[in-house]
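Observations on the model geometry
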Amino acid sequence: MIEISGVHKSFGPIEVLKGIDLTVEAGTVTVILGPSGSGKSTLLRCINRLEKVNSGTVRVDGELIGYEQRGNRLHELSERRILQQRVGIGFVFQNFNLFPHLTALQNVAEARHSALRKTKSQAYEKAHELLALVDLWDRAGAYPRQLSGGQQQRVAIARALALEPKLILFDEPTSALDPELVGEVLDVLRDLARAGTTMIVVTHEIGFAREVADTVVFMDSGRIVEQGTPAQVLDHPRHERTRAFLSKVL
Ligand code: ADP
Ligand code: MG
């Protein structure tokens, strides 16, 4: 489903990703853990081409992201094609990023209408369904400022789903939330996982990782230090850096 191979990414002189190789199977949940500054967000942003890699490749469903291959050379895709690819890859941010001047329903429906070119009535019908799925059918007319952080994040998840993505990337989806609101968002992620949604989730919620992840990846300083099942990585980490990190977050 997702094949990341030899990805390097620098900002100026600073190399933030130092050769990332990672495979994600369709229908699985991958949780990425790691200290602040280790490159987790940058990796997610390279997958949906919010950032351009310096070298290496990202393939989603066999399709190269950001490039097309002609003969044995890679050519950069047009901005328009890159936007089309990005529509297929959902992204849920730490700070929700809803449009403040649109209601919950409009945030979901307008994304579907403009990006997938569905009719307004089809887009709004589906948006109602998706708000019900995240348990917000009764808040459709509310503006983001009238919603709690947990509700806003659930709207953001519904909006991501409205684009019928092949996979969804979550960048610390609960870390901006008050502790009592974390559970309702993780419940939605759990439902999506159960429904077979392919997801990559950057989070410090170890309990969630243990329960929901098929694969746990530990990153440090721009590299994948280790990966495996939750039992392997969380209970029997092989590397000292993983152990040190886990002892701080557990
Ligand atoms: P994480 O998500 O694991 O905390 P990030 O991917 O956000 O890590 O950042 C990794 C490193 O890259 C950090 O040192 C950060 O300051 C740097 N970085 C991230 N984005 C940019 C950018 N747009 N320009 C310059 N440096 C950046
Ligand atoms: Mg980050």
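Up top is the structure these notes are about.
Attention in this report is confined to the structure presented alongside it. Worth saying up front: this structure is predicted, and the values here are computed from it rather than measured.

Some points on the nonpolar core
- In this structure, Leu 33, Leu 131, Ile 157 and Phe 170 are the most contacted members of the largest nonpolar core, which totals 51 residues.
- Take this core: its biggest share by element is eight residues, from helix H6 (residues 179-194).
- Ile 20, Leu 43, Val 60 and Ile 89 belong to the second largest nonpolar core, which has 25 residues in total.

Here we look at unusual backbone geometry
- Positive phi, close to 65°, is recorded for Arg 49, a residue that is not glycine.
- As for its position among the elements, Arg 49 is in the loop between helix H1 (40-47) and strand S4 (55-60).
- Judged by its relative accessible area of 10%, Arg 49 falls in the buried class.
- Of note in this structure, Asn 97 is not a glycine but carries a positive phi near 55°.

Comments concerning the sheet that holds S4
- Spatial ordering of the open sheet is given by S2-S1-S4-S5, a layout of four strands whose pairing is antiparallel. Of all strands in the sheet, those bounded by a partner on one side alone are strand S2 (14-24) and strand S5 (63-64).
- The sheet contact formed by S4 and S5 spans two bridges and is antiparallel. Counted as the bridge partner of Val 60 is Glu 63 from S5.

What counts, and at which threshold
- Residues numbered from 1 in each chain as written.
- Chains lettered and ligands numbered in written order.
- Predicted model: local features only at pLDDT ≥ 70, side-chain atom pairs only at ≥ 80, totals over all residues.
- Heavy atoms only, no water.
- Core = buried A, V, L, I, M, F, W, Y, C linked by side-chain atoms within 4.5 Å.
- Buried < 20%, exposed > 50% of the residue type's maximum accessible area, 1.4 Å probe, protein only.
- Helix = DSSP H or I, 4+ residues; strand = E, 2+ residues; numbered from the N terminus.
- Pairing = 2+ DSSP bridges.

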